[in-house]
Amino acid sequence: MNKQIVHQLILDKLRIDLGIAERAAQTAYETATHEENIAENKYDTLGLEASYLAAGQARRVEEIRQALALCQNLILRPYDEQRGIQIGTLIGLADEDDRQQWLFLGPDAAGLKVSLVGQPITVITPRSPLGRSLLGKFEGDEVEIVVAGARQQFAVTEAI
C-alpha cells in the first residue's frame with residue numbers, strides 16, 4: 001500500500017464529487033428561479049421545493065469544498081512508531097473473524113471510498129468512534145468500539 005497514492009486518489013475523488021455537486025446545485029438553482037416555476041396558487045410548490053433542493057445542494061458543495069481543502073492541506077508523514085496512529089495514517093485492520101480492511105484516517109471526508117489495486121480503502125475521521133479509538137494506537141494493538149449496542153473488536157495489522 002502506498003499512502004501517497006491513496007491520498008491522491010482521495011483528492012481526485014473529492015474533486016470529481018465537487019464537480020458533480022456544483023452541477024447539481026446549479027441545476028437546482030436554475031429550476032428554482034425559472035419563470036415557469038413561479039407559484040400560481042398556494043398549492044403550486046414546485047418552485048419552493050426546488051429552492052429547498054438548491055439550498056441543500058449548496059450546503060453539500062460547501063461540505064465537499066471544506067473536505068477537499070482540509071485533505072489538500074494534509075501533510076503526509078511517515079508512520080511514527082513513537083506517536084502511533086495519527087491523522088494521515090493508512091491503517092490495516094482485522095476484525096474478530098480475521099476479515100481485513102484498509103482505512104485512511106483523514107481530517108475530513110468520512111465515508112469516502114477509493115480503491116487501490118482492487119483493495120477498497122475507506123476514509124474515517126477522529127470524530128468517529130473507530131477513528132477516535134485508533135488515535136495513538138500501534139501495530140499489533142487491539143481496539144474495541146460499541147456501535148448500536150454491539151461490541152466490535154479490531155486488531156491493527158499495519159500502519160503506514
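Residues numbered from 1 in each chain as written. Predicted model: local features only at pLDDT ≥ 70, side-chain atom pairs only at ≥ 80, totals over all residues. Heavy atoms only, no water.

Per an unreviewed UniProt entry, the protein chain goes by Transcription elongation factor GreAB and derives from Pseudomonas rhizophila.

As a further point, take helix α1 (residues 3-33). Helix length check: α1, at 31 residues, gives a terminal C-alpha distance of 45 Å against a target of 45 Å (1.5 Å per residue), a fit within 8%. Among the residues making up α1, those that are buried are Lys3, Val6, His7, Ile10, Leu11, Leu14, Asp17, Leu18, Gly19, Ala21, Ala25 and Ala28. (Helix = DSSP H or I, 4+ residues; strand = E, 2+ residues; numbered from the N terminus. Expected span 1.5 Å × (residues − 1). Buried < 20%, exposed > 50% of the residue type's maximum accessible area, 1.4 Å probe, protein only.)

It is worth spelling out the side chain of Asp17 at this point. Following the sequence through the fold, Asp17 ends up in helix α1. Residue classification places Asp17 among the buried residues on the basis of a relative accessible area of 17%. What Asp17 contacts, discounting residues up to four positions off in sequence, is Ile64 and Leu112. (Contact = heavy atoms within 4.5 Å.)

Moving on to unusual backbone geometry. Although it is not a glycine, Ala109 sits at a positive phi angle of roughly 75°. Within the fold, Ala109 resides in the loop between β2 (100-105) and β3 (113-116). A residue is classified by how much of its surface remains accessible, and Ala109, at 9% relative accessible area, is buried. Unusually for a residue other than glycine, Val117 sits at a positive phi of about 45°. Mapped onto the fold, Val117 is located in the loop between β3 and β4 (119-124).

Okay, the sheet that holds β3 next. One open sheet accounts for 6 strands, arranged β3-β4-β2-β1-β6-β5; its pairing is mixed. Only two strands of the sheet have a single partner each, and these edge strands are β3 and β5 (142-147). Pairs of neighbouring strands in the sheet enclose a mean axial angle of 40°, with direction left out of account. As paired strands, β3 and β4 are joined by 4 bridges and run antiparallel to one another. Bridging from a neighbouring strand, Lys113 pairs with Thr122 of β4. Docked against the sheet, α1 engages β1 (90-95), β2, β3 and β4, running at close to 135° with respect to β3. (Pairing = 2+ DSSP bridges. Axes fitted to C-alpha atoms, helices over the stretch in contact; angles between N-to-C directions.)

Among the nonpolar cores identified, the biggest contains 22 residues, and Val6, Ile10, Leu14, Phe104, Ala109, Leu112 and Ile121 are the most heavily contacted of them. For this core, the secondary structure elements donating two or more residues are α1, α2 (46-72), β2, β3 and β4. Filtering out sequence-adjacent residues up to four positions away, Leu14 remains in contact with Ile64, Ala67, Leu68, Cys71, Ala109 and Leu112. With 14 residues, the next largest nonpolar core counts Leu103, Ile124, Leu134 and Val156 among its residues. (Core = buried A, V, L, I, M, F, W, Y, C linked by side-chain atoms within 4.5 Å.)

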